[in-house]
Amino acid sequence: MVKKKQVYLDYAATTPIDPRVMQAMMPYFSEEFGNPSSYHYYGQSAENALENARDKVAKYFQCLSSEVIFTSCGTESDNLALRGTAIQALKERGASHILITPVEHHAVTRTAQQLSKFYGFELEYLPVDQLGRVNIDDLITRIRQDTAIVSIIYANNEIGTINPIGAIGEICRSRGVTFHTDAVQAGAYLSLNVNSLQTDLVSIGAHKFYGPKGIGALYVRQGTSIIPAQTGGGQEFGLRAGTQNIPYIVGLAEALDIAQTERENRIRSVKHLRDHLIGTILEEISDVQLTGHPDERLPNHASFVFYGVDGNALLMMLDIEGFACSSGSACKTGNPEPSEVLSSLGITHDWALGSLRVTLGNFTTAAEIEEFLSVLPKVISKLRKIR
Amino acid sequence: MQQKPVVAIAMSGGVDSSVAAALLVKQGYSVIGMMLKLWSEQGEDQSNRCCTPDSIALARRVASIISIPFYVLDARQIFYDHVIQPFIDGYAQNTTPNPCVVCNRSIRWKFLLDHALSAGAEFLATGHYARVIHPSQHAYQLLLGVDPSKDQSYVLYVLTQNQLKHALLPLGEFTKQEVRQMAHQYNLPVADLPDSQDLCFLGADGDYRNFLARYAPQTQNPGPILDLQGKVLGTHQGLAFFTIGQRKGINISSPVPMYVLAKDSIQNALIVGTREESFQDHLIAHHTNWIDGNPPSTDFNASVKIRYNAHRIAGKVSIIDDSTFSVKFEKPVTDIAPGQSAVLYNGDICLGGGVISAD
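Residues numbered from 1 in each chain as written. Chains lettered and ligands numbered in written order. Predicted model: local features only at pLDDT ≥ 70, side-chain atom pairs only at ≥ 80, totals over all residues.

1. Remarks on the overall build of chain B
Regarding its fold elements, chain B presents seven helices and 17 strands. Along the longest, intermediate and shortest principal axes, the C-alpha atoms of chain B span 75 × 55 × 35 Å. Here chain B, with 359 residues, has 48% of them falling under the buried criterion. In chain B, 64% of the contacts between residues at least 6 apart in sequence involve partners at least 24 apart. (Helix = DSSP H or I, 4+ residues; strand = E, 2+ residues; numbered from the N terminus. Buried ≥ 20, exposed ≤ 12 C-beta atoms within 10 Å, placed from the backbone. Contact = placed C-beta atoms within 7 Å.)

Following this line, the structure appears as structure tokens:
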């Protein structure tokens, strides 16, 4: 293929590593290669790096360092949070009810479904409105004495909608129910302060905020009843056995530090481009809807459905034109069942098949967005013609 | 050096389309891999041969080995509407449909070609064993592939000049053996996959009869088996489960081998007869496509293929109207099955064809 310049507009899928992060990681692959559990100099040096990283992450959760557990990714954090607390709650107090929303990431949904299937938990879905947000009153009526865990996504990957996590957390706390939020998409742009979020468990993954893939963290509030999902040598306060991946942990901490420090600037730079993108698309293309909340959404996130357009074909045409976007859920196999998330917002089949997610990032320029906006209407109209 | 044009290659995860893609890359084209996700029967073990996650993964792997982009397009609904439903209806109407012909006309060379052209490709390529040439001052011509055992021009006779203009068939010049060698040479992980034999959408058993029983239960409709004299020889379980020319599995006792001669829809009767009785000397075909766009002005001699795997037989073609022709064979032939296509050749050149009618 004669490749045109490729424009990356899929930052919600993953982000490139910030060079500063890479630099911070490098020594821990070679000179500082020790196992943090070892007794000697090398071990102590690695342990020092590990604990410095933990302190750094704790700073942004505004929590104790001992409340930060490093995992291999956001998905593992979600798994540990749900499986670890639900099984313990069942054993300790016979709690057998799990409450999640229909717009959770699969890392939460599939884990909750497995808990339901193999451990007998009653899995209940808290409805969301057509913008993808949880209604506090619904939570109040559905949360129960025997609720083992409530898990509600902070910012949605497909539609960008941000949930009122603090208000949800307050209800859960007042009922004494463990509350987890998947903050994997939120890490790059939103506050992770667990005191205002009022959460017991928070999952993040580094590659969504310019850190490396294969590393995540879970905030676990002190006193939370949780058992490890992975057992072994007792690392990570006994909650996640296995020798810690020091260079990646250092990378996660560095990336989070940069993301949270530069947050305001980053939001400023992507948000006006994103707003321009949404405004232009809604104005210039017919039969299009913005999916998710118009205001309470991630500042880099735009998502749409186009009537009478095949989402896969749209992604293909855009990729060939040099724009890497997503439909919001992985559909490499050409199996674009309308996404469960879009269906749960009440978006009908004919619309949901034509979904498009455009997510901006640190390297997105105004010129790229203009280029994209000049190409998209043509592609949409071509696809509508050949249908 | 001038940049060669952009070509979309229809990939299936099989050896033919994979080698075709590799050849195009080698020839310097800008190649885009495209794969259609087609409707297929969901077997219990999900092991249908075509368009499974497995075959998609293979095609994707081949695309990455030869460094081309790869995209899957969802064609399940349109494939069902245009290919599967007519397939079921055809059997229910006691013909023997050829879904590959329909797929080439309505899906591959329409839906996929439209997407390829919209995506900026100048050509759509497939792994078919056939050739397209464009002699100067002439219309585009469709030729037999050079491997006589693999020729697939039979399923491409439906192509119009406009489709042929955009068609590239890189395997037409090669034999299957050469293609397998190339697959090894290019280190493609599909080199030793078996040839696909059955219809791509059938369940794991690959038997269209079971498929019909599941999707068109009305085809299970017992009736009498009659000889040409009207004598009842037995009972059949449904006309759809038999093919003209079939000998095995009729389940009647007879001193001589009996063949399926015809299906009598009115009496729901399967008509059988001896080999001698199974010969016919003519056919009529409708829904005709003439490759050069127009029916010939006079009757002409041609060699005729009445099934995908049949030998060509000499006959005289008469034009009845724009979409209908008849063939009078030099020697009587067997196995003329309504619903299959009669494809006409002059030497290596495919002239067109039509669907054999039940007249």
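Still more ground to cover, so stick around.
2. What about the overall build of chain A?
Assigned secondary structure in chain A consists of 13 helices and twelve strands. Taken along the three principal axes of its C-alpha coordinates, chain A extends 65 × 55 × 35 Å. Relative to its full complement of 387 residues, chain A shows a buried share of 52%. Considering only intrachain contacts with a sequence separation of at least 6, the fraction spanning at least 24 residues in chain A is 74%.

3. Some details on the sheet that holds strand 10 (residues 301-306) of chain A
Residues and elements named next belong to chain A. With antiparallel pairing, the three strands of this open sheet are ordered in space as 9-10-12. The open sheet has two free edges, formed respectively by strand 9 (288-290) and strand 12 (355-359), since each of these has just one partner strand. Strand after strand, the sheet turns through a mean of 25° between neighbouring axes, direction not considered. As paired strands, strand 9 and strand 10 are joined by three bridges and run antiparallel to one another. Note on strand 10: the bridge partner recorded for L290 is F304. (Pairing = 2+ DSSP bridges. Axes fitted to C-alpha atoms, helices over the stretch in contact; angles between N-to-C directions.)

4. A short note on the nonpolar core
I9 and A21 of chain B are the most contacted members of the largest nonpolar core, which totals 235 residues. Ranked by the residues each element gives to this core, the list is headed by helix 8 (residues 246-261) of chain A, at nine residues. Excluding residues that lie within four positions of it along the chain, A21 of chain B makes contacts with I9, M11, V31, G33, V62, I66 and I68 of chain B. (Core = buried A, V, L, I, M, F, W, Y, C linked by C-beta atoms within 7 Å.)

5. Here's the deal with the packing of helix 3 (residues 74-93) of chain A against helix 4 (residues 106-119) of chain A
Residues and elements named next belong to chain A. Closest axis-to-axis distance for the helix 3/helix 4 pair is 9 Å, and the angle between their directions is 30°. Accordingly, the angle class assigned to the pair helix 3 and helix 4 is roughly parallel. The element helix 3 and its partner helix 4 pack so that their crossing is right-handed. For the pair helix 3 and helix 4, the contacting residues are G74, T75, D78, N79, L82, R83, A86, I87 and L90 in the first and A107, V108, T111, A112, L115 and Y119 in the second. When grouped by side-chain class, the residues that make up the contact of helix 3 with helix 4 number nine nonpolar, four polar and two charged. (Parallel < 35°, antiparallel > 145°, perpendicular 65-115°, else oblique. Left-handed = near helix turned anticlockwise from the far one by under 90°. Nonpolar A, V, L, I, M, F, W, Y, C, P; charged D, E, K, R; others polar.)

6. Comments concerning helix 9 (residues 263-284) of chain A
For helix 9 of chain A, spanning 22 residues, the distance from its first C-alpha to its last is 31 Å, which sits close to the expected 32 Å at 1.5 Å a residue. Elements that come into contact with the buried residues of helix 9 of chain A comprise strand 9, strand 10, strand 12 and helix 13 (366-386) of chain A. (Expected span 1.5 Å × (residues − 1).)

7. Details of the sheet that holds strand 4 (residues 123-125) of chain B
Residue and element names in this part refer to chain B. Overall, parallel pairing links the five strands, which are arranged 3-2-1-4-7 in an open sheet. Looking at strand neighbours, the two that pair on one side only are strand 3 (70-74) and strand 7 (167-168), the edges of this open sheet. As defined by bridge partners, strand 2 (residues 30-37) adjoins strand 3 across five bridges and the pair is classed as parallel. By the bridge assignment for strand 3, M35 is matched with V72. Along the sheet, helix 1 (residues 15-26) makes contact with strand 1 (6-10), strand 2 and strand 4, crossing strand 1 at roughly 165°.

8. A closer look at unusual backbone geometry
Excluding glycine, a negative phi dihedral is what most residues carry, and trans is how most peptide bonds are arranged. Residue and element names in this part refer to chain A. The residue Q198 is not glycine, and still its phi comes out positive at about 55°. Look at D287: it is not a glycine, yet its phi comes out positive at around 50°. Looking at the element boundaries, D287 is found in the loop between helix 9 and strand 9. Taking the C-beta count within 10 Å as the criterion, D287 has 13 such neighbours and is therefore assigned partly exposed.

9. Quick word on the domain arrangement of chain A
Residues and elements named next belong to chain A. In terms of domain boundaries, chain A breaks down into domain 1 (7-16 + 263-386) and domain 2 (19-261). Look at where the C-alpha atoms of domain 1 and domain 2 centre, and you get two points 28 Å apart. At the junction of the two partners, domain 1 supplies 27 residues and domain 2 supplies 25 residues. For the side of domain 1 that touches domain 2, the secondary-structure elements that each account for two or more residues are helix 9, strand 10 and helix 11 (340-344). Class assignment for the residues of the side of domain 1 that touches domain 2 results in seven nonpolar, 14 polar and six charged. (Domains from an automatic or database assignment.)

10. Remarks on the environment of V379 of chain A
As for its position among the elements, V379 of chain A is in helix 13. Taking the C-alpha atoms as reference points, V379 of chain A and A95 of chain A, separated by 284 residues in sequence, lie 52 Å from one another.

11. Observations regarding the domain arrangement of chain B
Residue and element names in this part refer to chain B. Segmenting chain B into domains produces domain 1 (6-185), domain 2 (221-277) and domain 3 (279-356). On a C-alpha basis, the centroid separation for the pair domain 2 and domain 3 is 26 Å. With four residues of domain 2 at the interface, the matching set in domain 3 holds five residues. Of the residues belonging to the side of domain 2 that touches domain 3, the class tally is one nonpolar, two polar and one charged.

12. Describing the packing of helix 3 (residues 76-92) of chain B against helix 4 (residues 99-118) of chain B
Residue and element names in this part refer to chain B. The N-to-C vectors of helix 3 and helix 4 enclose an angle of 165°; their axes lie 9 Å apart at closest approach. On the basis of the axis angle, helix 3 is roughly antiparallel to helix 4. Crossing of helix 3 against helix 4: the hand is right-handed. Where helix 3 abuts helix 4, its residues I78, F79, H82, V83, P86 and F87 lie against P99, V102, C103, S106, I107 and F111. Among the residues making up the contact of helix 3 with helix 4, the classes are represented as ten nonpolar, two polar and no charged.

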